[in-house]
Amino acid sequence: MKSCEVNFDGLVGPTHNYGGLSYGNVASQSNSQQSSNPKEAALQGLAKMKALMEMGFVQGVLAPQERPDVAALRSLGFAGTDAQVIQQAAKQAMPLLVASCSASSMWVANAATVSPSADTFDGRVHFTAANLNCKYHRSIEHPTTSRVLGAMFADQKHFAHHAALPAVAQFGDEGAANHTRFCRDYGEAGVEFFVFGRSAFDTRYPAPQKYPARQTLEASQAVARLHGLRDDGVVYAQQNPAVIDAGVFHNDVIAVGNGEVLFYHEDAFLNTDQMLGELQGKLGKLGGNFQSICVPRAQVGVEDAVRSYLFNSQLLSRADGSMLLIVPEECRANERVWQYLQGLTSSGGLIREVKVFDLKQSMQNGGGPACLRLRVALNETELAAVNPGVIMTAPLYDTLTQWVDKHYRDSLRETDLADPQLLLECRTALDELTQILKLGSVYPFQIN
Ligand code: SUG
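Residues numbered from 1 in each chain as written. Predicted model: local features only at pLDDT ≥ 70, side-chain atom pairs only at ≥ 80, totals over all residues. Heavy atoms only, no water.

Trainee: So what exactly am I meant to see when it comes to the sheet that holds strand E3 (residues 112-115) here?
Mentor: Paired through backbone hydrogen bonds, the strands of a sheet run either parallel or antiparallel to each other. A sheet is described by the order of its strands in space; here 3 strands give the open sequence E3-E4-E5, paired in mixed fashion. Each edge of the sheet is formed by a strand with only one pairing partner; in this case those strands are E3 and strand E5 (159-162). Strand-to-strand twist of the sheet, defined as the mean angle between neighbouring strand axes without regard to direction, takes the value 15°. Alignment of strand E4 (residues 125-129) against E5, held across 4 bridges, turns out to be parallel. Across the sheet, residue Val125 finds its bridge partner in E5, namely Phe159. Contacting E3, E4 and E5, helix H7 (residues 142-152) crosses the sheet at an angle of about 160° to E4. (Pairing = 2+ DSSP bridges. Helix = DSSP H or I, 4+ residues; strand = E, 2+ residues; numbered from the N terminus. Axes fitted to C-alpha atoms, helices over the stretch in contact; angles between N-to-C directions. Contact = heavy atoms within 4.5 Å.)

Spelled out as structure tokens, the structure:
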């Protein structure tokens, strides 16, 4: 049976803003308080989805979350009408209002970890929503994430959904941003590669000194257990703590994998040789031929990698077996990175082409092409069982761009977040969106 990898991209929500909410994420910190353009952000994301669809890839769309999150503010003690809740929060605790308005659910690589059916004990595709408990503004995403994923992948014969892990730092889980899968073919059993930043219980693992390590080993192990993965089909690796301290807050900022290939920076991991050997051995047992492409620090330093988001790219398999790299415009703007990429594509290796996308609005919050997508490998039967409303088509692209044009503002500052009119605009837009994507009622304002 034919299988493919579907990229479900997060649709940018109407409150996209620069809140400076993510300590350890250099772009989020340095663009804090700048004026954002939600309309442009959403259209940039949609343009990438359309381009991939036109290149022949199956492309999906994942809905944004309800923001401002009035229910989250109520749980923190703000009361009255929805407008009063927002106004009180603006007066008494602006950082909480900003957090409750973040459109951070657009970075759906953090929505969940997904294991394809060929890897799991019961032959279903397994999803575990990420608790994202390192940052308050992201920790409030998982209940709605679970409802949206449930509405997209509803058929229990094919899809199994797990709730987020316990919401404590020991089980910090950031989803697919720290997870890659290697395989010969998307439909065959593969090796799932879990990258963690620290161990919660075992002091032998070093931890970063400056910035938080968001993903723990124990969280990754719990996800592997929930999904029923075979020991032979899993490799764990630790991120180099020094690169976390240099701004690599997720592994997908320093490495990307697809098929049998890992594209990574020389400084990305600890014990790299041992890890590569394990990947080679385990994929080899499945008949695969693991290959790695290491970018040497002498050619691209970690700082350039973080600035350009070279590794936050999408590595995609083309019909002829070669690969294509989708990178953000910032890679072309960085002379060393661009030179590296020119050399890479002309070297006769597997990666033959680089395509550049303008995702500046998302990039300014530390979200590149790879952050914006959740990969789900599906066979034909499973693909047919996905809610068809979320699969991108030319008419859906037109409908969504018109929807964005109608509902989104083209400028948003912190002071605008207190405007009760913004809440109404967002709810009107999202209500219409659930109809467009045929999701049913998934948002708190639709349920309560
Ligand atoms: O969690 N930025 C996100 C970016 C997530 C990127 N995802 C991956 N690498 N997969 C984060 O740090 C910034 C929000 C703000 O500051 O307004 C933010 O949440």
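Trainee: What exactly am I supposed to notice about the site of the ligand here?
Mentor: Around the ligand, the surrounding shell holds 22 residues, and the nearest of these are Leu21, Ser22, His137, Asp252 and Cys371. Contact between the ligand and Gly19: an oxygen atom at 2.8 Å from a main-chain N or O atom of the residue. Within the side chain of Ser28, a nitrogen or oxygen atom sits 2.8 Å from an oxygen atom of the ligand. When the free accessible area of the ligand is taken as 490 Å², the share hidden by the protein chains comes to 100%. Residues of the shell around the ligand, tallied by class, amount to 7 nonpolar, 12 polar and 3 charged. (Near = heavy atom within 4 Å. Polar contact = N/O pair within 3.5 Å; in protein donor to acceptor, adjacent residues only side chain to side chain. Areas by Shrake-Rupley, 256 points an atom, 1.4 Å probe, with all protein chains shown as cover. Nonpolar A, V, L, I, M, F, W, Y, C, P; charged D, E, K, R; others polar.)

Trainee: Would you mind showing me how to read the packing of aromatic side chains here?
Mentor: When we look at a pair of aromatic rings, we describe it by the centre distance and by the angle of the planes. With the rule as written, the count across this model stands at 16 aromatic pairs. On the basis of an interplanar angle of 65° and a centroid distance of 6.3 Å, the ring pair of Phe127 and Phe159 is categorised as edge-to-face. Of the two residues, Phe127 sits in strand E4 while Phe159 sits in strand E5, which places them 32 residues apart along the sequence. No difference in accessibility class separates Phe127 from Phe159, as the two residues are buried. Where Phe196 meets Tyr205, the ring centres are 5.5 Å apart and the plane angle is 85°; that geometry is what we call edge-to-face. Using a relative accessible area of 3% as the deciding quantity, one classes Phe196 as buried. Tyr205 sits in the partly exposed class, given a relative accessible area of 31%. Aromatic ring contacts, followed pair by pair, group Phe182, Phe193, Tyr264, Phe269 and Phe290 into a single cluster. Positioned above the aromatic ring of Trp338, the side-chain terminus of Arg332 is 5.8 Å from the ring centre. (Phe/Tyr/Trp six-rings, centres within 6.5 Å; stacked < 30°, edge-to-face > 60°. Buried < 20%, exposed > 50% of the residue type's maximum accessible area, 1.4 Å probe, protein only. Lys NZ or Arg CZ within 6 Å of the ring centre and 35° of its normal.)

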